[in-house]
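Here is what each chain is made of, one letter per residue.
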Amino acid sequence: MALIDMRSLFITIGLGALLVGASPLSAQTPTPIVGGAYPLQIDLPLFDLPFQRDAARAGELFDSYSMQQALAVTQNLHRVNYHFNNKLWQRIIRPDNKRRHVYNRIAANITSGLVDYAFTYYGVVLSAQWMHEEFHRAGLTIRGIASYDETYNRFNGGFANGSVSRVKDEDLIRLKKEAPQELVRSFAAGIESEFLLLRGLQKDNFFSDSKHANIALNILLTKHAIDYVNQFKQKDYNGSIDSMNAYGLTVADRDFVGWDFTPWVYDLHRPDEPYEARGTHPSGVGIDRAIKTTVLTDKEYRYLERMGKMQYLNFLSPFMIGINRIRLNDQTAFNVAVRHYLNSFGYDLTADFFLDHRGRQYLVSLHGYRNNHRLVPGVEVERSPYTLGLAGKDRLLLQPSAMLWLQPKGFHDRQATPGGLLRLQGAYVLDKTWRIVAVAEGKTQGWVAGNPYLDAKASFRLGVSACFHRGSKQAASLM
């Protein structure tokens, strides 16, 4: 991950917090917040099938995490950071009037941002860097391909860089031959994870009123994604690949992709080209995996330029500067976020609409799926759980989600195939804190952010969830 200017980062945090305090759209006049009124949810999906079956087949049952497991772990750690920073500043600057509310939010965002920065760039393991690599690995794992997340070098004294290594050339040859779209998707999956993390924290803030002080993380991850997709424009880009190749003298030491996005655009445009057509590695051993800009055609280069510009659309949301709710009246609030995901056939341009009307909460997403030839639509709807009584108590929560889409299979396809996804998430409430959570999901062929499978697949997850300081919102908010 590229570092960003810390001074600019915290100037933006301060401005964002000031806007939160000053904007008539964001909230009513602040009222005193009683101690502990900062909801915290911890989700642990312990079992995820069929992914864990595939991980066992790759010999990595306890070493490769599904996309949803990795996302949950990293989101949990950020949630804990925001919760305890909020509690800290609740004691130091009690937000019982408008001015103190603004100071409280500025302080909480600065200290939370410092922790996020240190966690991401120095802690590394289980951070957004780790999650980024685990999303890369998921596409390999489901094909029975073993790999290694080098953020784990933090434990053995090695260099904990953001890299996926110990991947055999023969496995990449097979993956490109059998499932070229899956190879392409695995290259882009890293930043997909970062946008899903921000989306999850936004859901916390809007639906659960978690008050996460996460302006810094919004900026860190969004700017990282923009810089990474645009990295190929840097003058020393091809020189950095030479340095990378000089380090990777053995096949096992080499990253499975190199820098993510020149290989992504290269294989996106060339699904039928054998992987070994890349040529021999400069060392004379193995295949030359990393793709320099000099290898790209003019069309491929221009397409990647356009994708780099479109990444700036990810900044389009009030969430980015800490405005978590725009209230229309006493009964209705909303918010919106735009996302540009690179994927297996091109990209998905998504607009997420967060709605709260008379206590019923909805997330409605409009998708535009685009390949080389056409733009086709999709829609996604998620609503707050239905509450069912058992033994005289509200014990069972059922939350449905659905997606419908038209999607091309590959970049060059002129036809789009209809498809969809159905998900039912259920929770059995054990007490005020703990729940047992199960998720059943089925999808047709197609790409879905956070799901590693491009073919039709049924999946099941089982885990636990802990909810602290939620009060009356426990049964009503999105899980």
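Please read these numbers as outputs of a predicted model, since none were measured by experiment.

K.L.:
Account for the nonpolar core, with residues named and values stated.
P.N.:
By size, the foremost hydrophobic cluster in this structure holds 72 residues, and its most contacted members are Phe 261 and Trp 264. The element contributing the most residues to this core is helix α7 (residues 180-207), with 11 residues. When residues no more than four places from it in sequence are discounted, the contact partners of Trp 264 are Val 184, Phe 187, Ala 188, Tyr 303, Leu 304, Met 307, Leu 342, Asn 343 and Gly 346. Counting seven residues, the second-largest nonpolar core is a separate cluster that includes Phe 206, Ala 337, Phe 354 and Leu 363.

K.L.:
Which residues make up the pattern of salt bridges, and what are the values?
P.N.:
For the coordinates displayed, the defined rule picks out 27 salt bridges. Note that Arg 79 is salt-bridged to Asp 43, the shortest N-O span being 3.1 Å. Of the two residues, Arg 79 sits in helix α3 (residues 67-92) while Asp 43 sits in strand β1 (residues 40-49), which places them 36 residues apart along the sequence. Exposure remark for Arg 79: the relative accessible area of 4% places this residue in the buried category. Accessibility expressed as a relative area gives 21% for Asp 43, which makes it partly exposed.

K.L.:
Pulling in residues and values, what's your account of helix α11 (residues 298-310)?
P.N.:
The first and last C-alpha atoms of α11 sit 18 Å apart over 13 residues, in line with the 18 Å expected at 1.5 Å per residue. Residues of α11 that are buried include every one of Glu 300, Tyr 303, Leu 304, Met 307, Gly 308 and Met 310, and no others. Across the axial projection of α11, the buried residues extend over an arc of 165°, all falling on one side. Pointing more than 90 degrees away from the buried face of α11 are the exposed residues Asp 298, Arg 302 and Lys 309. Contacts from the buried residues of α11 go to α8 (215-229), α10 (261-269), β5 (332-342) and β6 (347-357).

K.L.:
Could you give me a rundown of α10, with the residues and numbers involved?
P.N.:
Helical geometry note: an α-helix holds 3.6 residues per turn, so side chains three or four residues apart project in the same direction. The buried fraction of α10 amounts to nine of the nine residues, a majority that puts the element mostly inside the structure. Residues Phe 261, Thr 262, Pro 263, Trp 264, Val 265, Tyr 266, Asp 267, Leu 268 and His 269 constitute the buried set of α10.

K.L.:
Explain the confidence of the model for the chain to me, using residue names and the numbers behind them.
P.N.:
Residues of the chain with pLDDT of at least 70 account for 90%, and the chain-wide mean is 91. Predicted confidence is poor over residues 22-35, with pLDDT under 50, and the contacts of this stretch with residues over four places away or in other chains come to 24 contacts.

So, how was this worked out
- Residues numbered from 1 in each chain as written.
- Predicted model: local features only at pLDDT ≥ 70, side-chain atom pairs only at ≥ 80, totals over all residues.
- Heavy atoms only, no water.
- Core = buried A, V, L, I, M, F, W, Y, C linked by side-chain atoms within 4.5 Å.
- Buried < 20%, exposed > 50% of the residue type's maximum accessible area, 1.4 Å probe, protein only.
- Helix = DSSP H or I, 4+ residues; strand = E, 2+ residues; numbered from the N terminus.
- Contact = heavy atoms within 4.5 Å.
- Salt bridge = Lys/Arg side-chain N within 4 Å of Asp/Glu carboxyl O.
- Expected span 1.5 Å × (residues − 1).
- Arc of directions from axis to C-beta.
- pLDDT = per-residue confidence, 0-100.

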